[in-house]
Amino acid sequence: MKKITVVAAILENEQEEVLCALRSNEMSLPNMWEFPGGKVEEGEDMRTALEREIQEELSCQIKAGTIFHDHTHEYESFAVRLIALKVDLVRGVPTAKEHAKLLWLPKDYLLSLQWAPADLPAVERLMDAPS
Ligand SMILES: Nc1nc2c([nH]c(=O)n2[C@H]2C[C@H](O)[C@@H](COP(=O)(O)OP(=O)(O)OP(=O)(O)O)O2)c(=O)[nH]1
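Calculation rules
- Residues numbered from 1 in each chain as written.
- Predicted model: local features only at pLDDT ≥ 70, side-chain atom pairs only at ≥ 80, totals over all residues.
- Pairing = 2+ DSSP bridges.
- Helix = DSSP H or I, 4+ residues; strand = E, 2+ residues; numbered from the N terminus.
- Near = placed C-beta within 6 Å.
- Nonpolar A, V, L, I, M, F, W, Y, C, P; charged D, E, K, R; others polar.
- Expected span 1.5 Å × (residues − 1).
- Contact = placed C-beta atoms within 7 Å.
- UniProt positions renumbered as here; feature names shortened; annotations may be inferred.
- Axes fitted to C-alpha atoms, helices over the stretch in contact; angles between N-to-C directions.

Q: Is there a simple way to think about the pairing of strand E1 (residues 2-11) in this case?
A: Consecutive side chains of a regular strand alternate in pointing toward one face of the sheet and then the other. In the sheet, E1 pairs with strand E6 (residues 78-91) via 10 bridges, with the strands oriented parallel. Bridge assignment links isoleucine 4 to a residue of E6, and that residue is valine 80. Bridge analysis of E1 against strand E4 (residues 37-39) gives three bridges, and the strand direction is antiparallel. If you follow valine 6 over to E4, its bridge partner there is lysine 39.

Here it is, written out as structure tokens:
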């Protein structure tokens, strides 16, 4: 089974809301919520990959921090190693360039969204984590 490594950003604002992104119809896993990010390219450092993906997808600059959750999920046709990292916003305002929608949501409400299955362990951990 093909396995890809994906890095995803956990970004919180001053109200302790988490940035959630809705995958568009043109993306794989359409209409599912995710933490924005993308595939790590060959030879690329995971933090560089995440900072690049966020610049491309959200037109803002972030600094990737510590790993929050690292989990492999098997979809029907491929497996995703999803590495979720805490990030800080350095410059700009996250703007949806590829996603259908962006949403800042208090942690307690995260499970009201339909998440990509690979994200659920990280979402649940985030809901349990003290702010
Ligand atoms: N970015 C991101 N992808 C996720 C998450 N959860 C999850 O299952 N995925 C899946 C969806 C995609 O199959 C894959 C990441 O692909 P992507 O489409 O975001 O990455 P990309 O921009 O590098 O790739 P591409 O669509 O241009 O081929 O991982 C998540 O939280 N964030």
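Let's pick the thread back up.
Q: How should the site of the ligand be read in this particular structure?
A: Near the ligand you find 16 residues, and of these Glu34, Gly38, Lys39, Ala116 and Ala118 are the closest. No other element matches the three residues that E4 contributes to the shell around the ligand. Its residues placed into classes, the shell around the ligand shows 10 nonpolar, three polar and three charged.

Q: Would you mind showing me how to read helix H1 (residues 46-58) here?
A: Because each turn of an α-helix spans 3.6 residues, side chains separated by three or four positions in sequence point in the same direction. A rise of 1.5 Å per residue sets the reference length of H1, with its 13 residues, at 18 Å; its end C-alpha atoms lie 17 Å apart and thus fit the reference within 8%. Contact partners of the buried residues in H1: E1, E4, strand E5 (61-74) and E6. Serine 59 sits one or two residues past H1 and shows a positive phi near 50°.

Q: How should I be thinking about the sheet that holds strand E2 (residues 17-22) in this particular structure?
A: Strand pairing in a sheet relies on backbone hydrogen bonds, with the paired strands running either antiparallel or parallel. Reading across from one edge, E3-E2-E7 is the order of the three strands in this open sheet, with antiparallel pairing throughout. Among the strands making up the open sheet, the edge pair consists of strand E3 (33-34) and strand E7 (101-106). Summarising the sheet, E2 and E7 pair through six bridges and their orientation is antiparallel. Considered in E7, the bridge of alanine 21 is made with leucine 102.

Q: What is the right way to look at the UniProt feature "domain: Nudix hydrolase" (unreviewed entry) in the chain in this model?
A: Per the UniProt record, the feature "domain: Nudix hydrolase" (unreviewed entry) sits at residues 2-128. Taken end to end, residues 2-128 comprises 17% helix and 43% strand; its first and last C-alpha atoms sit 31 Å apart.

Q: Would you explain unusual backbone geometry in this entry?
A: Phi is mostly negative for residues that are not glycine, and the peptide bonds are mostly trans. In this structure, glutamate 16 takes a positive phi of about 65° despite not being glycine. Within the element layout of this structure, glutamate 16 appears in the loop between E1 and E2. Here leucine 29, not a glycine, exhibits a phi torsion of approximately 45°, which is positive. With respect to the element layout, leucine 29 can be found in the loop between E2 and E3.

Q: In this structure, what is going on with the sheet that holds E6? I would like to understand it.
A: Taken together, the four strands give an open sheet; going across it, the order is E4-E1-E6-E5, and neighbouring strands pair in mixed fashion. This sheet does not close on itself; its edge strands, each paired only once, are E4 and E5. Here the strands of the sheet are splayed against their neighbours by 20° on average, with no regard to which way each runs. Strands E1, E5 and E6 of the sheet are contacted by helix H2 (residues 120-128), whose axis makes an angle of about 120° with E5.

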